[in-house]
Every structure is written in C-alpha cells, then in structure tokens.
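# Per-entry structural report
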Amino acid sequence: QVQLVESGGGLVQAGGSLRLSCAASGSIFSINAMGWYRQAPGKQRELVAAITSGGSTNYADSVKGRFTISRDNAKNTVYLQMNSLKPEDTAVYYCAARAAFDYWGQGTQVTVSS
C-alpha cells in the first residue's frame, strides 16, 4: 500500500506561481513512477507531468516550459512547480504513484484568476 498526501494548492492570479507537494508513505520502495494529473470541471482527468524512479520526466504540451516536476528521495516527496499560471490551469490536481497498482492522492484545488 502507498499513501499520498498533497499540499500547496490555492488561489493565484494569472502569471503567478504555486508549488504542489506530494508526500508518499507506505511501500514506497515499490513505486516505479510518480506524476501529477489534473481534472477541470466537465473535463477528463489528464496527465500534467510525470517522473520515473530513474529521474526521467515528461510533460503535457500545455505546461512545457512553465511547470517543473521534481523529487526529493530523502523526503519521499514529489513537487510540481507551476509558473506563469493561466486561468486554464484551474483544476483539481492529483498526485499519483505507479507500483503494482496505481495509487492516488485526495486532490488539491488550484484556481487561477484572470
């Protein structure tokens, strides 16, 4: 079992920045990759960014150059630094971990005002 706890969401003006954190606990040795997804009202959940245990990253085209995913292995935490935020980035952001199963956090709201 893997438990994920997100933090760092909130309300920010367009052009601003936020940093999301996701702390993992439990069977963290089994995790192959972690990522951030988001779901806006009326839309499907989409992958925002992911990072493998080896450190490889990938991003959605819509966030490339603005968002950065990173990990602190000592703290078992993954971060999503979000810069130059746009109103269309408004969504609930979920942390996810891939092991034998997929695990999800509870989600954190990010609201970007215009």
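These lines cover the structure that appears in this document, whether it is placed above or below.

The strands that make up a sheet pair up through hydrogen bonds in the backbone, lying either parallel or antiparallel. The four strands lie next to each other as β1-β3-β8-β7, forming an open sheet whose pairing is antiparallel. Both outer strands of the open sheet, β1 (2-7) and β7 (67-72), are each paired with one neighbouring strand and no more. Each strand of the sheet is rotated relative to its neighbour by a mean of 20°, with strand direction disregarded.

Despite not being glycine, N76 shows a phi value in the positive range, around 50°. Looking at the element boundaries, N76 is found in the loop between β7 and β8 (77-82). Overall, N76 belongs to the partly exposed group, its relative accessible area being 31%. One non-glycine residue with positive phi stands out, namely S84, at about 50°. As for its placement among the helices and strands, S84 is situated in the loop between β8 and β9 (91-98). On the basis of relative accessibility, which here comes to 41%, the residue S84 falls in the partly exposed class.

Okay, the side chain of T77 next. Relative to the elements of secondary structure, T77 occurs in strand β8. Judged by relative accessible area, T77 falls into the buried class, the value being 9%. A distance of 2.9 Å separates a polar side-chain atom of T77 from the backbone oxygen of K75.

Moving on, we get to the packing of aromatic side chains. The final tally for this structure, using the stated rule, is one aromatic pair. Summarising the aromatic geometry, the rings of Y37 and W104 are spaced 4.9 Å apart at their centres and angled 65° between planes, so their arrangement reads as edge-to-face. Note that Y37 is positioned in strand β4 (residues 33-39) and W104 in strand β10 (residues 102-104), a separation of 67 residues in sequence. Just above the ring of Y94 sits the side chain of R45; from NZ or CZ to the centre is 3.8 Å. Of note, R45 hangs over the ring of W104, and the distance from its end group to the ring centre comes to 4.7 Å.

What counts and how
Residues numbered from 1 in each chain as written. Predicted model: local features only at pLDDT ≥ 70, side-chain atom pairs only at ≥ 80, totals over all residues. Heavy atoms only, no water. Pairing = 2+ DSSP bridges. Helix = DSSP H or I, 4+ residues; strand = E, 2+ residues; numbered from the N terminus. Axes fitted to C-alpha atoms, helices over the stretch in contact; angles between N-to-C directions. Buried < 20%, exposed > 50% of the residue type's maximum accessible area, 1.4 Å probe, protein only. Polar contact = N/O pair within 3.5 Å; in protein donor to acceptor, adjacent residues only side chain to side chain. Phe/Tyr/Trp six-rings, centres within 6.5 Å; stacked < 30°, edge-to-face > 60°. Lys NZ or Arg CZ within 6 Å of the ring centre and 35° of its normal.

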